[in-house]
2 protein chains.
Amino acid sequence: MSIRVVFLGTSGSVPTLKRSLPSVVVQCPRDQWMFDCGENVQRQMMQAKVSFHRKMKVFITHLHGDHVLGLPGLLQTMALMDRKEPVQVYGPVGLKDFLVCTKETLNFGLTFPVEISEILSEGVVCEEEEYTIITKKSNHAVESYAFAFVEKPRPGKFYPKKALALGVAAGELWSKLQGGEEVTLADGKVVKPGDVMGPMRPGRKIVYTGDTKPFESFAKFAEGADLVIHDCTFDDSLTKKAALDGHSTPTQAAQQAKAAGAKQLALSHISARYPNAGLLLEQAKKTFANSVLAEDFMELELPLSE
Amino acid sequence: MSIRVVFLGTSGSVPTLKRSLPSVVVQCPRDQWMFDCGENVQRQMMQAKVSFHRKMKVFITHLHGDHVLGLPGLLQTMALMDRKEPVQVYGPVGLKDFLVCTKETLNFGLTFPVEISEILSEGVVCEEEEYTIITKKSNHAVESYAFAFVEKPRPGKFYPKKALALGVAAGELWSKLQGGEEVTLADGKVVKPGDVMGPMRPGRKIVYTGDTKPFESFAKFAEGADLVIHDCTFDDSLTKKAALDGHSTPTQAAQQAKAAGAKQLALSHISARYPNAGLLLEQAKKTFANSVLAEDFMELELPLSE
């Protein structure tokens, strides 16, 4: 099954009529993962048909208003829609204070648990059966984290012809082999999964930087990513301003993606000063050809690897 | 000059694709007055071309998230736009805690003063040269206030012919009379403003209820209003639910407007359950003919009275 990446907000700091504040959702068949939660995320979800009820975790890169002010309203709306499924929220120290104080001063009740985890160190933030979220400190004006969504390696391709040649009949035994179990045939012969299947297939990897200027550990952190979603607030002519404000330019984002050996780069967190941000894309493509400019409601599909 | 009333958000509790969360702006030639400040108000202001720099006061009816969660982001964006002019914010006790805790947990700096006044009693909330804002407790699930925007009476119409007939030449003396001063002519005769001007003309009056079920003191509070903007969350078939939740139906809103002798009624805070809210308007019109259904970006002009 494909993984669908939905851009709900692609502006930086200040929204525009075309770009809402930052948020990206990664949708897998059974659950969804939100990265940043800018103001107005609710209506963006409605328009993009992103579910309010599905299993969901939210990851906040840093505690600047444009990245988190959509969260109280989103939780409140989920409660008004009678959500029962818990929501896990991860982010820097201070996130809990923010959510608790808004909940208390605005007296809102919830119909489901909100489980807040503040990030205390780099590494694995959470782990599910098929996916792991890993974090790395990025380099912004305040404590800030990049996130990598990493799908676990999947079993290799199954070759029916090999199974039949070894005398394994279709049916239950095939399922066992595909599930990683050895099977013993009627004649006592043992067939191992490796006899009928290809090597393990790598999982997909998506890296979301949040706000950051380039940082050295990025190449290793994002190594081999299928998709890097990178801060691209200012064009190359404003490299000094970008460094001062803790942001990146197209060339810097492209260099980061290239150093990581990423397959695709999406430029996001676009400053309101670019009503047409085509310039940013042009600049990035000079260094990293497979770049796209994120737009609100843009969707990228990451197909299952063979 | 006309007063322009701009509906920035007309939904209740949960936004929809067509209706953002509650906010109304009253624009006068020199300043603007915002009533409630729901999430996403910034982008609604951009679309409606409401200024981020003009002299402005914000009035919050009650501390439910849908009425106030747009405020931190709005203030932050104003700061990023380098606003210098102070903003005054008025609302129930708790508003200060909400604004202080969001500002502190999100570390945002401001380029202008935000002057927060918590409402401790009914009556005059603030007074400007030409306008007064008066408040009255409404009847919702939490402490909640309705606001009346009241223009001060303006001097009566000036009649040039009467002035000339009394021997007052055009020029400085006319200005003095129009400004309310007596003038003494060369022959010692005294001319009073009342000799050359009609009676004082009443100012315009706009009442914004916020969330409320009908309450008895409303008729007096909203007496003679040019425009009443009233909670109309549920249709008449849900009168019991409306009472339980502290909201109003179209017939109730219409009865309130009628009892006040208002000139026009705008139904707002429309529940997301009405993708087409025509039914609400039909129900209100049976009791109060001059009703309109508020829509996002709808504008009403209140012309200067003669």
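What you see is a predicted model, and the numbers here were worked out from it, not measured in a lab.

(A) Quick peek at the overall build of chain A. What chain A contains, in helices and strands, is 11 helices and 18 strands. Principal-axis analysis of the C-alpha atoms places the extent of chain A at approximately 70 × 50 × 35 Å. A burial count over chain A gives 57% of its 306 residues as buried. Considering only residue pairs separated by 6 or more positions, chain A has 63% of its internal contacts joining residues 24 or more positions apart. By element, 54% of the accessible surface of chain A is carried by carbon and sulfur atoms, the whole surface being about 12,600 Å². Charge-centre separation for chain A: the mean point of 35 positive side chains lies 4 Å from the mean point of 36 negative side chains.

(B) Representation of the packing of aromatic side chains in the model. In this structure the tally under the stated criterion is 22 aromatic pairs over all chains. An aromatic cluster is present here, built from Trp-33, Phe-35, Phe-59, Tyr-90, Tyr-131, Phe-147, Phe-149 and Tyr-208 of chain A joined pairwise through their rings. Across from the ring centre of Phe-112 of chain B, 5.8 Å away, lies the NZ or CZ of Arg-83 of chain B, which sits over that ring.

(C) Expanded view of the pairing of strand S15 (residues 265-268) of chain A. Residue and element names in this part refer to chain A. Covered by surrounding structure in S15 are Leu-265 and Leu-267 together with Ala-266 and Ser-268, the residues of both alternating faces. Two strands pair when backbone bridges link them, and strand S14 (residues 227-231) and S15 are joined in this way by 4 bridges, in the parallel orientation. Paired with Ile-229 across the strands is Ala-266, a residue of S15. Strand direction decides the pairing type here: S15 and strand S17 (residues 291-293), joined by 3 bridges, are parallel. Among the inter-strand pairings, Ala-266 is bridged to a residue of S17, identified as Val-292.

(D) Layout of the domain arrangement of chain A. The domains assigned to chain A are domain 1 (3-154 + 201-302) and domain 2 (160-196). Each of domain 1 of chain A and domain 2 of chain A has a C-alpha centre, and these two points are 43 Å apart.

(E) Summary view of the relation of the copies chain A and chain B. The two copies are related by a screw operation: chain A maps onto chain B through 180° of rotation and 0.0 Å of translation along the axis, at an RMSD of 0.1 Å. Put plainly, the chains are arranged around a two-fold axis. Closest approach to the rotation axis among the C-alpha atoms of chain A is made by Asn-40 of chain A, whose C-alpha sits 2.6 Å away.

(F) Focus on the interface of chain A and chain B. Listed as interface residues are 39 residues of chain A and, on the opposing side, 39 residues of chain B. A combined buried area of about 2,800 Å² lies between chain A and chain B, and 62% of that area is made up of carbon and sulfur atoms. Considering only the side of chain A, the residues that lose the most area to chain B are Glu-39, Arg-43 and Leu-106 of chain A, jointly responsible for 24% of the buried surface there. Inspection of the chain A/chain B interface yields 0 salt bridges. Applying the counting criterion to the chain A and chain B interface returns 9 residue pairs in polar contact (both at pLDDT 80 or more). Mapped by element, the contributors of at least two residues to the side of chain A that touches chain B are helix H1 (41-48), helix H2 (65-68), helix H3 (71-80) and helix H4 (95-105) of chain A. Residues belonging to the side of chain A that touches chain B are distributed by class as follows: 15 nonpolar, 17 polar and 7 charged.

(G) Representation of helix H11 (residues 278-285) of chain A. Residues and elements named next belong to chain A. When we look at burial in H11, the residues that qualify are Leu-280, Leu-281, Gln-283 and Ala-284. An end-on view of H11 places all buried positions within 165° of arc, on one side of the element. Check the buried side of H11 and you find it contacts helix H10 (250-260), S15, strand S16 (270-271) and S17.

(H) Region of the structure containing the environment of Glu-182 of chain A. Residues and elements named next belong to chain A. Mapping Glu-182 onto the fold places it in the loop between helix H6 (172-178) and strand S11 (183-184). Separated by 32 residues in sequence, Glu-182 and Val-150 have C-alpha atoms that sit 28 Å apart. Leave out the neighbours within four places in its chain, and Glu-182 touches Val-190, Val-191, Lys-192 and Pro-193.

(I) Region of interest: the state of the cysteines. Using the criterion set out here, one finds 1 disulfide over all chains in the structure. Here Cys-101 of chain A pairs with Cys-101 of chain B through a disulfide, and the sulfurs are 2.2 Å apart. Because the sign of the S-S torsion sets the handedness, a value of about 80° for the bond joining Cys-101 of chain A and Cys-101 of chain B places this disulfide among the right-handed ones. Of the two residues, Cys-101 of chain A sits in helix H4 while Cys-101 of chain B sits in helix H4 (residues 95-105), which places them in two different chains.

(J) Representation of the pattern of salt bridges in the model. On inspection of all chains with the given rule, the structure shows 27 salt bridges over all chains. Measuring nitrogen to oxygen at the nearest pair gives 3.1 Å for the salt bridge that ties Glu-128 of chain A to Lys-57 of chain A. Taken together, the residues span a long stretch of sequence, with Glu-128 of chain A in the loop between strand S8 (123-127) and strand S9 (131-137) and Lys-57 of chain A in strand S5 (residues 55-59) at a distance of 71 residues. With respect to burial, Glu-128 of chain A and Lys-57 of chain A carry one shared label: buried. Where Lys-176 of chain B meets Glu-172 of chain B, a salt bridge forms, and the shortest distance between an N and an O atom there is 4.0 Å. Note that Lys-176 of chain B and Glu-172 of chain B are positioned in helix H6 (residues 172-178) at a spacing of 4 residues, about one turn of the helix. When its relative accessible area of 59% is taken as the criterion, Glu-172 of chain B is described as exposed. Where salt bridges share partners, they join Asp-31, Lys-55, Lys-57 and Glu-128 of chain A into one cluster.

The rules behind the values
- Residues numbered from 1 in each chain as written.
- Chains lettered and ligands numbered in written order.
- Predicted model: local features only at pLDDT ≥ 70, side-chain atom pairs only at ≥ 80, totals over all residues.
- Heavy atoms only, no water.
- Helix = DSSP H or I, 4+ residues; strand = E, 2+ residues; numbered from the N terminus.
- Buried < 20%, exposed > 50% of the residue type's maximum accessible area, 1.4 Å probe, protein only.
- Contact = heavy atoms within 4.5 Å.
- Areas by Shrake-Rupley, 256 points an atom, 1.4 Å probe, with all protein chains shown as cover.
- Lys, Arg positive; Asp, Glu negative; His and termini not counted.
- Charge placed at Lys NZ, Arg CZ, Asp CG, Glu CD.
- Phe/Tyr/Trp six-rings, centres within 6.5 Å; stacked < 30°, edge-to-face > 60°.
- Lys NZ or Arg CZ within 6 Å of the ring centre and 35° of its normal.
- Pairing = 2+ DSSP bridges.
- Domains from an automatic or database assignment.
- Least-squares fit on C-alpha atoms with pLDDT ≥ 70 in both.
- Buried area = accessible area lost by both parts, 1.4 Å probe.
- Salt bridge = Lys/Arg side-chain N within 4 Å of Asp/Glu carboxyl O.
- Polar contact = N/O pair within 3.5 Å; in protein donor to acceptor, adjacent residues only side chain to side chain.
- Nonpolar A, V, L, I, M, F, W, Y, C, P; charged D, E, K, R; others polar.
- Arc of directions from axis to C-beta.
- Disulfide = S-S within 2.5 Å.

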